[in-house]
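One-letter residues, chain by chain:
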Amino acid sequence: MTTRNESLFARAQQRIPAGVNSPVRAFRAVGGTPPFLERAAGAYLWDADGKRYIDYVGSWGPMVAGHTHPKVVEAVQAAAARALSFGAPTASEIELAEAICRLVPSVEMVRLVSSGTEATMTAIRLARGFSGRDAIVKFEGCYHGHADSLLVKAGSGALTFGNPSSAGVPAATAAHTVVLEYNDTAAARQLFAARGAEIAGVIVEPVAGNMNLVMPAPGFLETLREECTRHGAVLIFDEVMTGFRVASGGAQQRFGIRPDLTTLGKVIGGGMPVGAFGGRREIMQHIAPLGPVYQAGTLSGNPVAVAAGLATLALIEAPGFQQDIEATAKALVSGLAAEAKQAGVAFSAQSIGSMFGLYFRPEPPTSFAAVMQCDRERFNRFFHEMLARGVYLAPSAYEAGFVSAAHGAAEIDATLAAARAAFAAIA
Ligand SMILES: *Cc1c(COP(=O)(O)O)cnc(C)c1O
């Protein structure tokens, strides 16, 4: 019998490439039919067949307060009733800018956009416009949205210029992007020694969350800060994922490092399309119309999206919010590791703030190469065993997971019970 999910998936594929509007949603990595989702509340999702799931994707990060939080829904409804869009300044944008600057002190001025991609794309343009240089340094396995100059993966050597990892990116664009190994402090030092004067900026996920979860090695972020300062390059922390997740002030607060620019997204929209880039006033003043670096957006600072973001940040600022959610993530990963051990499955897990990583290898990876050594086939089987038991994990071994404030002891217990059966099934 065809389920409703299956018939929707078949119909979607007639008119939408692979049936989805963002590639990982198509379940190509894990196989099978993606659930078509209909509604959500707190830690739970319901699909088109009425099946309920405990959600560990959280819309890929934004839903830190849990789905359809009454305060967020109320703020959105009130804003929508006033206006959907003006394309003109509103007081609520100032409030969101002020909240961001209060939470993330390296941000002295901020501009709102509509996605993380727009934020990183503009931060790169700004770093180039400010420094008068072209080369950008990124790290293999870090994802910074789908702008051309950032869709470049590693070349073979630390000092080699990268090749496009997407068709359609001109080689001339990719040629200005240098790719290094994440956590390779020595390679970063060497690159700056060799061509420091050419480097406009370095963009990095301060905790890598787009190759599963990889922690920064001690000294890695510090070295980037030092080298950028010494050579006049702009250090960009891409905190689209880590912002308000790894700590209320982002990874930069947790690790005590002050980047020149920060990009934000996901949580600042609370589930609506909001991104932001901000940082040192001196750099931000190069943005149009104050300066020569152009950036604009018809829906930037959209009042409904901003209302969702403001309501979400207000929840995050409540005392104990980060501690509670961090404890939830810790309980989840230690419980999963214990269940895997019991079943004799080579597995490890770790968390930071409300982000977590699950690895089908004995130790958490510290590099892109180590991530690639995870047993993907095992992950895929685990994923489907969990999905069948009503636990919705990201459908790829290369994604971080997320808990929300709505995940409590009941959800963790139910997840661990499902994991016990899932690990037994794949052992
Ligand atoms: C999700 C993400 C982006 C892109 O954000 P979109 O809103 O999907 O465009 C950029 N950087 C990082 C670190 C991300 O996790």
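Residues numbered from 1 in each chain as written. Predicted model: local features only at pLDDT ≥ 70, side-chain atom pairs only at ≥ 80, totals over all residues. Heavy atoms only, no water.

Visitor: Before we go on, may I ask you to explain the overall build of the protein chain in this structure?
Guide: Along the protein chain, the regular secondary structure elements total 14 helices and 14 strands. Expected size for 427 residues packed as a compact globule is a radius of gyration near 22 Å; at 21 Å, the protein chain falls within 12% of this value. The principal-axis extents of the C-alpha atoms in the protein chain amount to approximately 60 × 55 × 45 Å. Of the accessible surface of the protein chain, which amounts to about 17400 Å², a share of 55% is contributed by carbon and sulfur atoms. Of the side-chain charges in the protein chain, 35 are positive and 36 negative, and the distance between the mean point of each set is 3 Å. (Helix = DSSP H or I, 4+ residues; strand = E, 2+ residues; numbered from the N terminus. Rg over C-alpha atoms; globule rule 2.2 N^0.38 Å. Areas by Shrake-Rupley, 256 points an atom, 1.4 Å probe, with all protein chains shown as cover. Lys, Arg positive; Asp, Glu negative; His and termini not counted. Charge placed at Lys NZ, Arg CZ, Asp CG, Glu CD.)

Visitor: I keep staring at the site of the ligand and nothing clicks. Help me out?
Guide: With respect to spatial proximity, the complete set of residues near the ligand consists of Ser115, Gly116, Thr117, Tyr143, His144, Gly145, Glu205, Asn210, Asp238, Val240, Met241 and Lys266. Between the ligand and Tyr143, the relevant distance is 3.3 Å, taken from a nitrogen atom to a main-chain nitrogen or oxygen of the residue. For the shell around the ligand, the residue count by class is 3 nonpolar, 6 polar and 3 charged. (Near = heavy atom within 4 Å. Polar contact = N/O pair within 3.5 Å; in protein donor to acceptor, adjacent residues only side chain to side chain. Nonpolar A, V, L, I, M, F, W, Y, C, P; charged D, E, K, R; others polar.)

Visitor: Help me understand the nonpolar core, please; the structure alone is not making it clear to me.
Guide: One recurring pattern in soluble globular proteins: nonpolar side chains tend to sit buried together. Among the nonpolar cores identified, the biggest contains 90 residues, and Ile100, Phe139, Leu313, Phe382 and Phe423 are the most heavily contacted of them. Split by domain, this core shows at least three residues from each of two domains, domain 1 (4-68 + 320-426) and domain 2 (70-316). If sequence neighbours within four positions are ignored, Ile100 has contacts with Val107, Val110, Leu112, Leu264, Ile268, Ala276 and Leu313. By size, the runner-up hydrophobic cluster in this structure holds 18 residues, among which are Val113, Ile136, Ile287 and Val293. (Core = buried A, V, L, I, M, F, W, Y, C linked by side-chain atoms within 4.5 Å. Buried < 20%, exposed > 50% of the residue type's maximum accessible area, 1.4 Å probe, protein only. Domains from an automatic or database assignment. Contact = heavy atoms within 4.5 Å.)

Visitor: Teacher, can you tell me more about the pairing of strand E11 (residues 348-352) here?
Guide: Side-chain direction in a regular strand flips from residue to residue, so the side chains alternate between the two faces of the sheet. With 5 of its 5 residues buried, E11 lies for the most part within the structure. Neither face of E11 is exposed, since Ser348, Gln350 and Ile352 on one face and Ala349 and Ser351 on the opposite face are all buried. Relative to strand E12 (residues 355-359), E11 is paired through 5 bridges, and the arrangement is antiparallel. Bridge pairing links Ser351 to Phe356 in E12. (Pairing = 2+ DSSP bridges.)

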